[in-house]
Amino acid sequence: MRLRQLAVATAVLGVLCVPAHAEARDISRDTLPANDGWAAEGTGTTGGSAADDAHVYTVTDRAGLVRALDGGSDTPKIIKVAGTIDANTDDDGHHLDCADYATDGYSIKKYLTAYDPRTWGSAKPSGAQEDARQASAARQAERVTLPVGSNTTIVGLGDAVLKGANLQVRNANNVIVRNLDLRDAYDCFPVWQPNTGGLGDWKTSYDNIWLTGATHVWIDHITASDKGHPDADEATYFARNYLRHDGLLDITNGSDLVTVSWSRFQDHDKAMLIGNSDSATGDRGKLRVTLHHNQFESVVQRAPRVRFGQVHVYDNRYVVPEGSEYRYSLGVSTESGIYAENNAFHTPGHVEVADLVKSWNGTVLHQTGTLFNGYPVDLLAIYDAYNSGSERDLTADVGWTPTLHGKIDSAATADREVARGAGAGRIP
């Protein structure tokens, strides 16, 4: 009996002695699995997995991150983000707020007075206050816009956070971003655009991640949000919301071969744009994107909006809360080809099935296996039956069939798995 008690005590002691700081497996040299979406096409996506030891960095502040990114060089590199990094800091690590960037006499009060539509009219802003806004915006951009070059892997360690940053993958190839909480790409200096949307609108500059002309990119297990400065808390100027955030993840300007998986996009207005125009100009044969096992929660619109491209949207989970100003989830434009399979939607009573889709002269949408509040629905048939009449009906033949994908779960299974497993800090 005493031997048995001793054995149990030893086992318990062994558990208690496991270091609290023991880390999960090293994911920094992981590559995209075969057939895992469009980014697996051809040579696949390997990021910085070939980096030598001299180009493996652990960074804890903006200065270290900037050095590791090396101006967006193509040198294979692995960058591990530890703790919380604030992009709005000076070279000594001191936090910078909007007042620190303002220059040449800029102030929001003066700007509003100068360009009030009742006195300024509908012309594009120009003159001293617009010049001052541009100069101030340039100072912030110098801090928060961080270029990511080819052959790069960026991974978060534990609960890593990058806030205030605009990660910009511009004309780069072979990039991986994983396990990172990206929040609050906050624009201090939005511009007034009088002729946008008929009534004018405020335009902001920064996405949490922007892929522009990028190829072979894998975004996995990230969390992207406005956490810290929700736009709902912002003022209204000229009867329009003074938005401070652009997209959470935008994929534009001929970007191609992108997989976005097991990520969480939340608490935001316009989450994801694919294609920067409704024309194929410059994008022909590009903008091939796969979105799978992602959660879109408290997202008002663009989840995604597809202006052009072959986009496979499967096994995703959508959650619309009570009181949301929800507009739509799947945006269909003139030359988009969305192939949607087995997606699950949870909405309050004021959101109907037909509201899930919004079309801008779109013609096609393939959908199967959709769950709406737990019930199977034919999303395409219901949209066509209930659209406003000002929009043409959509047909199911998108002209392509996805071949690069893993096992496609039922919407009910994906719903459960995504709720548990999507987002930063949840890589198995």
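The preceding data block contains the structure.
Summing up its helical and strand segments, the chain has eight helices and 28 strands in all. The C-alpha radius of gyration computed for the chain amounts to 23 Å, which stays within 12% of the reference 22 Å derived for 428 residues, consistent with globular compactness. Principal axes of the C-alpha set define a box for the chain whose edges measure 90 × 55 × 45 Å. Within the chain, buried positions represent 54% of all 428 residues. Entry remark: accessible area of the chain is about 18,900 Å², with carbon and sulfur atoms responsible for 51%.

Attention now goes to empty space enclosed by the protein. Counted by the stated rule, this structure contains two cavities of 30 Å³ or more. Put simply, the largest cavity is a space of about 50 Å³. If you go around the largest cavity, the residues you meet are Phe296, Val299, Val300, Gln301, Ala303, Tyr318, Val319, Val320, Tyr326, Tyr328 and Ser329. In this structure, the second largest cavity occupies an estimated 40 Å³ of space. What lines the second largest cavity is simply Gly37, Trp38, Thr290, His312, Trp400, Pro402, Thr403 and Leu404. Taken together, the residues that form the lining of the second largest cavity break down as four nonpolar, four polar and no charged.

Of the consecutive residues Ala303 and Pro304, the connecting peptide bond is found in the cis state with omega at 0°. Among the structural elements, Pro304 can be located in the loop between β20 (295-301) and β21 (305-314). For Asp267, which is not glycine, the phi torsion reads 55° and is therefore positive. Inspection of the secondary structure assignment puts Asp267 in strand β17 (residues 264-270). According to the relative accessible area criterion, Asp267 is partly exposed, its value standing at 42%.

One pass over the structure, following the stated rule, counts 17 salt bridges. Between Asp181 and Arg183 there is a salt bridge, and its shortest N-O distance comes to 2.6 Å. The two residues Asp181 and Arg183 agree in class, both being buried. Residue Arg240 is joined to Asp201 by a salt bridge in which the shortest nitrogen-to-oxygen separation is 3.6 Å. Separated by 39 residues along the polypeptide, Arg240 in strand β14 (residues 240-241) and Asp201 in strand β9 (residues 201-203) bring together distant segments of the chain. Judged by its relative accessible area of 24%, Arg240 is partly exposed.

Let's shift gears to the layout of surface pockets. Gaps between atoms show up when a probe of the same size as a water molecule is rolled over them. Taken as a whole, the largest pocket spans an internal volume of roughly 1,300 Å³. Leu243, His245, Asp269, Lys270 and Gln301 are the residues nearest the centre of the largest pocket, which is lined by 45 residues in total. Going through the elements one at a time, β9, β14, β15 (249-252), β17, β20 and β21 are the ones with two or more residues in the lining of the largest pocket. Taken together, the residues of the lining of the largest pocket break down into twelve nonpolar, 15 polar and 18 charged.

This brings us to the nonpolar core. One finds Ile209, Leu211, Ile251 and Phe265 to be the most contacted residues of the largest nonpolar core, which totals 85 residues. Aside from chain neighbours lying at most four places away, what touches Ile209 is Leu167, Val177, Leu182, Ile219, Ile222, Leu248, Leu249 and Asp250. Trp38, Tyr339, Val364 and Val398 belong to the second-largest nonpolar core, a separate cluster that totals seven residues.

Both faces of β15 are covered, namely the face carrying Leu249 and Ile251 and the face carrying Asp250 and Thr252. In this structure, strand β10 (residues 209-212) lies alongside β15, joined through four bridges in parallel fashion. By the bridge assignment, Ile209 is partnered in β15 with Leu249. In the sheet, β15 pairs with strand β18 (residues 272-274) via three bridges, with the strands oriented parallel. Its bridge partner being in β18, Leu249 is matched across the sheet by Met272.

So, on to helix α8 (residues 411-421). Among all positions in α8, only Ala411, Ala414, Asp415, Val418 and Gly421 are buried. Burial along α8 is one-sided: seen end-on, the buried residues are contained in an arc of 160°. Those residues of α8 that are buried lie in contact with β17, β20, β22 (317-319), β24 (344-346) and β27 (370-372).

Next up on the list: the packing of aromatic side chains. Taken as a whole and assessed by the stated rule, the structure comprises 17 aromatic pairs. For the pair Trp202 and Phe238, a centre-to-centre distance of 5.7 Å together with 15° between the ring planes defines the contact as stacked. Linking Trp202 in strand β9 with Phe238 in the loop between β13 (236-237) and β14, this pair joins segments that are 36 residues apart in sequence. The exposure class assigned to Trp202 is buried, which follows from its relative accessible area of 5%. In textbook terms, an aromatic cluster arises when at least three aromatic residues are bridged by ring pairs, as seen for Tyr106, Tyr111, Tyr115, Trp120, Phe189, Trp192, Trp202, Tyr237, Phe238 and Tyr242. For the cation-ring pair, Arg305 lies above Trp360, with the distance from its terminal atom to the ring centre recorded as 3.8 Å. The positively charged end of Lys358 is found above the aromatic ring belonging to Trp360, 5.8 Å away from the centroid.

Calculation notes
- Residues numbered from 1 in each chain as written.
- Predicted model: local features only at pLDDT ≥ 70, side-chain atom pairs only at ≥ 80, totals over all residues.
- Heavy atoms only, no water.
- Helix = DSSP H or I, 4+ residues; strand = E, 2+ residues; numbered from the N terminus.
- Rg over C-alpha atoms; globule rule 2.2 N^0.38 Å.
- Buried < 20%, exposed > 50% of the residue type's maximum accessible area, 1.4 Å probe, protein only.
- Areas by Shrake-Rupley, 256 points an atom, 1.4 Å probe, with all protein chains shown as cover.
- 1 Å grid on protein atoms, 1.4 Å probe; cavity = no way out; pocket = protein on both sides within 12 Å on 5 of 7 lines; lining within 4 Å.
- Points joined across faces, edges and corners; volume = space filled by probe spheres on them.
- Nonpolar A, V, L, I, M, F, W, Y, C, P; charged D, E, K, R; others polar.
- Salt bridge = Lys/Arg side-chain N within 4 Å of Asp/Glu carboxyl O.
- Core = buried A, V, L, I, M, F, W, Y, C linked by side-chain atoms within 4.5 Å.
- Contact = heavy atoms within 4.5 Å.
- Pairing = 2+ DSSP bridges.
- Arc of directions from axis to C-beta.
- Phe/Tyr/Trp six-rings, centres within 6.5 Å; stacked < 30°, edge-to-face > 60°.
- Lys NZ or Arg CZ within 6 Å of the ring centre and 35° of its normal.

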